[in-house]
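# A structural walkthrough
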Amino acid sequence: MKIRNILVLLASALISLQAFAQASNWPTPNKPITFINPFPPGGAVDAFGRPLAKQLSSQMGTSIIVDNKGGAGGTVGAAVAAKMAPDGYTWLLGAVHHSIAPSMYANLSYDITKDFEPVALIGSVPHVIVVNPTKFPKNDLKSIMEEIRKYPGKYNYASTGNGTSQHLTGELFKMQNKLFITHIPYRGTGPALQDLVAGQVDMMFDTLAGAAPFIKNGQLVAVAVATQKRVDAFPNVPTAQELGIKDFVVYSWYAMWAIKGTPKDIVDKMSAEVQIALAAPDIKERWASMGATAPKMSRPELASYINQEIIRWSEVVKKSNAKLD
């Protein structure tokens, strides 16, 4: 009987331990989750991250906070995220910028491929050339290019910061068309767009997600999208290819990363929840209004895609001689 009692007690203890492990596991979060957005408020990552966080919070029944930590083309916030505990309560919302940073910043304190694990691609959106409507005699791309050639150095373009996709898209455009346009870096999309609308700068090679509200309300004029075909949400905006710039095709993408070491079951759970959220009608409608899509990729596919993007943008940096000016 004693042995039997001991066995019963051991079995009960094992069940209790298993229950404790399950209760302490993340799939049912017991405190708020934080999404670190390494860019200032009002930018493209916010345009995707905040609606996604709201949808996830609703479907998961937990509080999700978006914490903006902008600076240095998204590298400051990413460095902060890399030091957080891999417990599933902190995640990084990032962008194509994080595939550019390794070729622009010599002494990054983190490695996007080693310190993080890709979770999901949350959006993909083309770039668009937007101008302040008062800055050029004519607001069509060919006339604007002629004006820039006529007065080299007179005009400038804003970017969301040194080493961002907006910066390199501008440098690519300059390189392909042999134009001299001064680069004015800002600390994020929001501040750059505010100054563009106010007329402090002349033009911008922004993502359609960031610029869309200003295009719709007439504060900015979209002169071309950097796509192979016109965007359904903005059918009147021609493609750069239509206007004779054949190789000017640029998309920005947005993703979620887990901190390296986050338990696999937690990453699996978040990945599955994100896919459910992206299929929600409200999210699909909002993405479409920005000219964005959310191509579905497995985590290994996303990791491979990010590595390809690192190679691609490093070549653009070398060919354009882009600098952290």
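Just so we're clear, the structure is a prediction, and the values are computed from it rather than from any experiment.

### Topic: the overall build of the chain
From N to C terminus, the chain includes eleven helices and nine strands. Burial analysis of the chain (325 residues in total) assigns 53% to the buried set. Nonlocal contacts in the chain, meaning residues at least 24 apart in sequence, comprise 78% of its contacts between residues at least 6 apart. Entry remark: accessible area of the chain is about 14,800 Å², with carbon and sulfur atoms responsible for 55%. One finds the centroid of the 32 positive side-chain charges in the chain at a distance of 2 Å from the centroid of its 25 negative side-chain charges.

### Regarding the packing of aromatic side chains
The description of an aromatic ring pair rests on the distance of the ring centres and on the angle between the ring planes. All chains considered together, the criterion is met by ten aromatic pairs. Seen in terms of ring centroids, phenylalanine 136 and tyrosine 155 are 4.6 Å apart; in terms of plane orientation they differ by 25°. Their pairing is stacked. Placement of phenylalanine 136 in the loop between β4 (116-131) and α5 (141-150) and of tyrosine 155 in the loop between α5 and β5 (156-159) is noted, with a sequence separation of 19 residues between them. We note that phenylalanine 136, like tyrosine 155, is buried. When the ring of phenylalanine 173 is compared with that of phenylalanine 248, the centres are 5.3 Å apart and the planes differ by 65°; the resulting orientation is edge-to-face. One end of the pair, phenylalanine 173, is in helix α6 (residues 165-177); the other, phenylalanine 248, is in the loop between β8 (221-225) and β9 (251-259), and 75 residues separate them in sequence. Three or more aromatic residues joined by ring pairs form one cluster here, namely Tyr157, Phe173, Phe205 and Phe248. If you follow lysine 31 out to its NZ or CZ, it ends over the ring of tyrosine 89, 4.6 Å from the centre. Here the basic side chain of lysine 154 rests over the ring of tyrosine 151, its NZ or CZ set 4.9 Å away from the ring centre.

### Quick notes on the nonpolar core
Phe35, Phe48, Leu56, Trp91, Val130, Met256 and Met270 are the most contacted members of the largest nonpolar core, which totals 55 residues. When residues of this core are assigned to their parent elements, the largest contribution, eight residues, is made by helix α2 (residues 44-60). Lining this core are residues from two domains, each supplying at least three of them: domain 1 (33-124 + 252-320) and domain 2 (126-243). Ala78, Phe116, Leu172 and Ile181 belong to the second-largest nonpolar core, a separate cluster that totals 48 residues.

### Looking at the confidence of the model for the chain
Per-residue pLDDT for the chain averages 90, and the proportion of residues at 70 or more is 92%. Residue range residues 6-24 is modelled with pLDDT below 50. Its contacts to residues more than four positions away, or to other chains, number zero contacts.

### What about the environment of threonine 227?
Mapped onto the secondary structure, threonine 227 falls in the loop between β8 and β9. As for threonine 227 and glycine 188, which are separated by 39 residues in sequence, their C-alpha atoms are 23 Å apart. Residues within four places of threonine 227 in sequence aside, it is in contact with Pro126, Thr239, Gln241, Phe248, Val249 and Tyr251. A polar side-chain atom of threonine 227 sits 2.6 Å from the main-chain carbonyl oxygen of lysine 229.

### Notes on a nonpolar patch on the surface
Among the surface-exposed residues, Val76, Val80 and Met84 lie close enough to one another that they form a single nonpolar patch of about 200 Å² accessible area. Mapped onto the elements, methionine 84 comes out in the loop between α3 (75-82) and β3 (90-95).

### Let's talk about unusual backbone geometry
With a phi angle near 55°, lysine 178 is a residue other than glycine that sits in the positive phi range. With respect to the secondary-structure elements, lysine 178 resides in the loop between α6 and β6 (182-185). The backbone of asparagine 321 shows a phi angle near 60°, a positive value even though the residue is not glycine.

### Quick look at the packing of α6 against helix α11 (residues 299-320)
Contact geometry for α6 and α11: axes closest at 10 Å, N-to-C directions at 50°. As far as their axial angle goes, α11 and α6 are oblique. The two elements α6 and α11 cross, and the hand of that crossing is left-handed. Residues Leu168, Thr169, Glu171 and Met175 of α6 form the contact with α11, whose participating residues are Trp313, Val316, Val317, Lys319 and Ser320.

### Side note on helix α9 (residues 264-278)
Between its terminal C-alpha atoms α9 stretches 21 Å, which fits the 21 Å expected from 15 residues at 1.5 Å a residue. Regarding α9, the residues found buried are Ile266, Val267, Met270, Ser271, Glu273, Val274, Ala277 and Leu278. Summarising the axial view, the buried residues of α9 lie within an arc of 165°, below the 170-degree limit, and thus occupy one face. Turned more than 90 degrees away from the buried face of α9, the exposed residues are Lys264 and Ile276.

### Topic: the packing of helix α7 (residues 189-198) against helix α8 (residues 208-216)
Each packed pair of helices is defined by two parameters, the angle between the axes and the distance between the axes. Following both chains from N to C, one finds α7 and α8 inclined at 30°, their axes separated by 11 Å at the closest point. Considering their axes alone, α7 and α8 lie roughly parallel with respect to each other. Like other packed secondary-structure pairs, α7 and α8 cross with a definite hand, here right-handed. Each of Thr189, Leu193 and Val197 in α7 lies in contact with α8, whose residues at this interface are Gly210, Ala211 and Phe214. For the contact of α7 with α8, a count of residues per class yields four nonpolar, two polar and no charged.

About the cut-offs
Residues numbered from 1 in each chain as written. Predicted model: local features only at pLDDT ≥ 70, side-chain atom pairs only at ≥ 80, totals over all residues. Heavy atoms only, no water. Helix = DSSP H or I, 4+ residues; strand = E, 2+ residues; numbered from the N terminus. Buried < 20%, exposed > 50% of the residue type's maximum accessible area, 1.4 Å probe, protein only. Contact = heavy atoms within 4.5 Å. Areas by Shrake-Rupley, 256 points an atom, 1.4 Å probe, with all protein chains shown as cover. Lys, Arg positive; Asp, Glu negative; His and termini not counted. Charge placed at Lys NZ, Arg CZ, Asp CG, Glu CD. Phe/Tyr/Trp six-rings, centres within 6.5 Å; stacked < 30°, edge-to-face > 60°. Lys NZ or Arg CZ within 6 Å of the ring centre and 35° of its normal. Core = buried A, V, L, I, M, F, W, Y, C linked by side-chain atoms within 4.5 Å. Domains from an automatic or database assignment. pLDDT = per-residue confidence, 0-100. Polar contact = N/O pair within 3.5 Å; in protein donor to acceptor, adjacent residues only side chain to side chain. Patch = residues over 30% accessible without salt bridge, like charges linked within 9 Å, V, L, I, M, F, W, Y side chains within 5 Å. Salt bridge = Lys/Arg side-chain N within 4 Å of Asp/Glu carboxyl O. Axes fitted to C-alpha atoms, helices over the stretch in contact; angles between N-to-C directions. Parallel < 35°, antiparallel > 145°, perpendicular 65-115°, else oblique. Left-handed = near helix turned anticlockwise from the far one by under 90°. Expected span 1.5 Å × (residues − 1). Arc of directions from axis to C-beta. Nonpolar A, V, L, I, M, F, W, Y, C, P; charged D, E, K, R; others polar.

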